[in-house]
Amino acid sequence: MDIITSDTQDTQREIELKQAIRTILTYIGEDPDREGLQNTPDRICRMYHEIFRGYDASRKPRITTFKNSAHSEEMVFDCGDYYSMCEHHILPFYGRYYFAYIPSAEGRILGISKVARVVGFCAAKLQLQERLCKEIVDMISDALNGTAHGFAIMLRGRHLCKSMRGVKNNGEMSTTYFTGEFKKKAQLRNEFYNLVKLQG
């Protein structure tokens, strides 16, 4: 898939993108040559390179794992923020992620920052919140060689395509995705939900 480059010299695709942005500015009634907008196409081009990095396989995070030397099979829980763009209107949705997994006693465990890096990478493209859940779990499961006993993830998101346009109402949505033991056992799901509640 083609990606947005970060070369200092404009590529043909960057030139075309900047011209398209000028066209959009004209369409909405603006003057792309007025002070304040003259450098906007360049700024947007550079921003796209950052917020759509998920299309660039070379920028995929390296997921460090370690031998489970404690042989623990207790739940590991992590949470943080995420930002993405809705594929239907190319407007932001953002919120909190809550992630848990149960490592195999003889398998591997994740480095402490790797969940956040995977979430950020998977979110950095046009997305659906439901699909984002699955992509995060799939990438982490692959990094652990499929040895984990199960995964749980919840995304809470605020969607600007609902709150700033259309019905102009609360655009909050929650999605979950469970695999393995989390999918089989209600007790584990309840433990996960309780940890989510503690985080607020």
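Above this text you will find the structure in question.
Residues numbered from 1 in each chain as written. Predicted model: local features only at pLDDT ≥ 70, side-chain atom pairs only at ≥ 80, totals over all residues. Heavy atoms only, no water.

A. Region of interest: the sheet that holds strand E7 (residues 172–178). Spatial strand order, E5-E2-E3-E6-E7: five strands in an open sheet with mixed pairing. Of all strands in the sheet, those with a lone pairing partner are strand E5 (126–127) and E7, marking the two edges. Pairing of strand E3 (residues 92–102) with strand E6 (residues 150–159) involves ten bridges; the strand directions are antiparallel. The partner of Phe 93 across the bridge, within E6, is His 159. Of the strands in this sheet, strand E2 (76–86), E3 and E5 are in contact with helix H3 (residues 114–123), which crosses E2 at around 15°. (Pairing = 2+ DSSP bridges. Helix = DSSP H or I, 4+ residues; strand = E, 2+ residues; numbered from the N terminus. Contact = heavy atoms within 4.5 Å. Axes fitted to C-alpha atoms, helices over the stretch in contact; angles between N-to-C directions.)

B. The arrangement of helix H1 (residues 12–27) in detail. With 16 residues, H1 extends 23 Å between its outermost C-alpha atoms, agreeing within 8% with the 22 Å of an ideal straight helix rising 1.5 Å per residue. For H1, the full list of buried residues reads Glu 14, Leu 17, Lys 18, Ile 21 and Leu 25. The buried residues of H1 occupy one face: seen down the axis, they fall within an arc of 95°. In H1, the exposed residues that point more than 90 degrees away from the buried face are Gln 12 and Tyr 27. Where H1 is buried, its residues meet helix H2 (40–51). Of the residues flanking the end of H1, it is Gly 29, one or two places downstream, whose phi is positive at about 105°. (Expected span 1.5 Å × (residues − 1). Buried < 20%, exposed > 50% of the residue type's maximum accessible area, 1.4 Å probe, protein only. Arc of directions from axis to C-beta.)

C. Looking closely at a negative patch on the surface. A cluster of acidic side chains, namely Glu 73, Glu 74, Glu 106 and Glu 191, defines a negative patch on the protein surface. Mapped onto the fold, Glu 73 is located in the loop between strand E1 (65–67) and E2. The class for Glu 73 is partly exposed, based on a relative accessible area of 40%. (Patch = residues over 30% accessible without salt bridge, like charges linked within 9 Å, V, L, I, M, F, W, Y side chains within 5 Å. Areas by Shrake-Rupley, 256 points an atom, 1.4 Å probe, with all protein chains shown as cover. Salt bridge = Lys/Arg side-chain N within 4 Å of Asp/Glu carboxyl O. Lys, Arg positive; Asp, Glu negative; His and termini not counted. Charge placed at Lys NZ, Arg CZ, Asp CG, Glu CD.)

D. Main features of the pairing of E2. Relative to E3, E2 runs antiparallel, the two sharing ten bridges. Looking across to E3, one finds that Met 85 is bridged to Pro 92. Following E2, the chain reverses through five residues before pairing antiparallel with E3; Ile 90 in that reversal takes a positive phi of roughly 50°. The pairing of E2 with E5 spans two bridges and is parallel. Considered in E5, the bridge of Met 85 is made with Leu 126.

E. Molecular detail of the nonpolar core. With 26 residues, the main nonpolar core has Phe 99, Leu 110, Leu 132, Ile 136, Ile 140 and Phe 151 as its most contacted residues. Contributions of two or more residues to this core are made by E2, E3, H3, helix H4 (129–143) and E6. With sequence-adjacent residues up to four places away left out, Leu 110 is seen in contact with Ile 63, Thr 64, Thr 65, Phe 66, Phe 99, Tyr 101, Val 115, Ile 140 and Leu 144. Counting twelve residues, the second largest nonpolar core, distinct from the first, contains Tyr 98, Ile 102, Phe 178 and Phe 182. (Core = buried A, V, L, I, M, F, W, Y, C linked by side-chain atoms within 4.5 Å.)

F. A look at the packing of aromatic side chains. A full pass over the atoms with the stated rule returns twelve aromatic pairs. With a centroid separation of 6.1 Å and 70° between ring planes, the pair formed by Tyr 82 and Phe 93 is classed as edge-to-face. Here Phe 93 lies in strand E3 and Tyr 82 lies in strand E2, a separation of eleven residues in the sequence. On the basis of relative accessible area, Phe 93 is assigned to the buried category, the value being 1%. Aromatic pair Tyr 83 and Tyr 94: ring centres 6.2 Å apart, planes at 20°, arrangement stacked. A residue pair is termed long-range when its members are at least 10 positions apart, and Tyr 83 in strand E2 and Tyr 94 in strand E3 qualify at eleven residues. For Tyr 83, a relative accessible area of 60% translates into the label exposed. (Phe/Tyr/Trp six-rings, centres within 6.5 Å; stacked < 30°, edge-to-face > 60°.)

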